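Residue-level listing of the chains:
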Amino acid sequence: MNSIEEAVKLFENGYVCSQAVFAAFSEDFNLPKEQALKIGACFGSGMRKAEVCGACTGALMALGLKFGEDKSQSNEACEKFLDEFKKENGSIICRDLLECDISTKEGVEQAIENNLFKEFCPKMVESAAKIAKDILYD
């Protein structure tokens, strides 16, 4: 299974978006998957505030594992990732992507009613993992 498939599988198995994307790459950069799952736990659902998409923050953490020792390289990787994700998906902000604010009870209900967590979010996890993979292994 490749890292993109693994990220989607982790998400579908109950991990939040940030955990799924980060953990799919972590072992390639000497961070055990179990540690990545812990580190990524509080970044899902736009840090629980519907801010920056958790799939994006998971990808950025993975990019940090590879490029984090060089500020110039990490800044370049970050900007490239965020620009590409926004170009592909229209935004990097969770509430904009979902078209509802999942930091509220009403927003969560709307997301559940519209099956967003099962149908839309896996697409964001896949997109973030694909873009991250292209940058990580370029």
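Not measured: the values here are computed from a predicted model.

Undergrad: Describe the environment of Phe67, and please don't skip the residues or the numbers.
TA: Relative to the helices and strands, Phe67 resides in helix H5 (residues 54-67). Judged by its relative accessible area of 11%, Phe67 is buried. Through-space distance from the C-alpha of Phe67 to that of Leu82 is 15 Å; in sequence the pair is 15 residues apart.

Undergrad: Describe a negative patch on the surface, and please don't skip the residues or the numbers.
TA: Together, Glu5, Glu76, Glu79, Asp83, Glu84, Glu88 and Glu126 make up a negatively charged patch on the protein surface. When residues in the negative patch are grouped by element, the largest group, 5 residues, is from helix H6 (residues 71-89). Note that Glu126 resides in helix H10 (residues 121-136). By relative accessible area, Glu126 is classed as partly exposed at 42%.

Undergrad: Give me the layout of surface pockets: which residues, what numbers.
TA: Quantified by volume, the largest pocket comes out at close to 360 Å³. Elements with a contribution of two residues or more to the lining of the largest pocket: helix H1 (3-12), helix H4 (44-50), helix H7 (94-98), helix H9 (116-119) and H10. Taken together, the residues of the lining of the largest pocket sort by class into 14 nonpolar, 4 polar and 3 charged. Computed from the structure, the second largest pocket encloses a volume of approximately 160 Å³. Around the second largest pocket, the lining residues are Lys66, Phe67, Gln73, Glu76, Ala77, Lys80, Ile135 and Asp138. Tallying contributions element by element places H6 first for the lining of the second largest pocket, with 4 residues. Residues of the lining of the second largest pocket, tallied by class, amount to 3 nonpolar, 1 polar and 4 charged.

Undergrad: Explain unusual backbone geometry to me, using residue names and the numbers behind them.
TA: With a phi angle near 65°, Asn30 is a residue other than glycine that sits in the positive phi range. For Asn30, the position within the fold is in the loop between helix H2 (17-26) and helix H3 (33-39). The backbone phi angle of Met47 is positive, close to 60°, even though this residue is not glycine. Position of Met47 among the secondary structure elements: in helix H4.

About the criteria used
Residues numbered from 1 in each chain as written. Predicted model: local features only at pLDDT ≥ 70, side-chain atom pairs only at ≥ 80, totals over all residues. Heavy atoms only, no water. Helix = DSSP H or I, 4+ residues; strand = E, 2+ residues; numbered from the N terminus. Buried < 20%, exposed > 50% of the residue type's maximum accessible area, 1.4 Å probe, protein only. Patch = residues over 30% accessible without salt bridge, like charges linked within 9 Å, V, L, I, M, F, W, Y side chains within 5 Å. Areas by Shrake-Rupley, 256 points an atom, 1.4 Å probe, with all protein chains shown as cover. Salt bridge = Lys/Arg side-chain N within 4 Å of Asp/Glu carboxyl O. Lys, Arg positive; Asp, Glu negative; His and termini not counted. Charge placed at Lys NZ, Arg CZ, Asp CG, Glu CD. 1 Å grid on protein atoms, 1.4 Å probe; cavity = no way out; pocket = protein on both sides within 12 Å on 5 of 7 lines; lining within 4 Å. Points joined across faces, edges and corners; volume = space filled by probe spheres on them. Nonpolar A, V, L, I, M, F, W, Y, C, P; charged D, E, K, R; others polar.

Function cannot be read off these values alone, since they describe shape.
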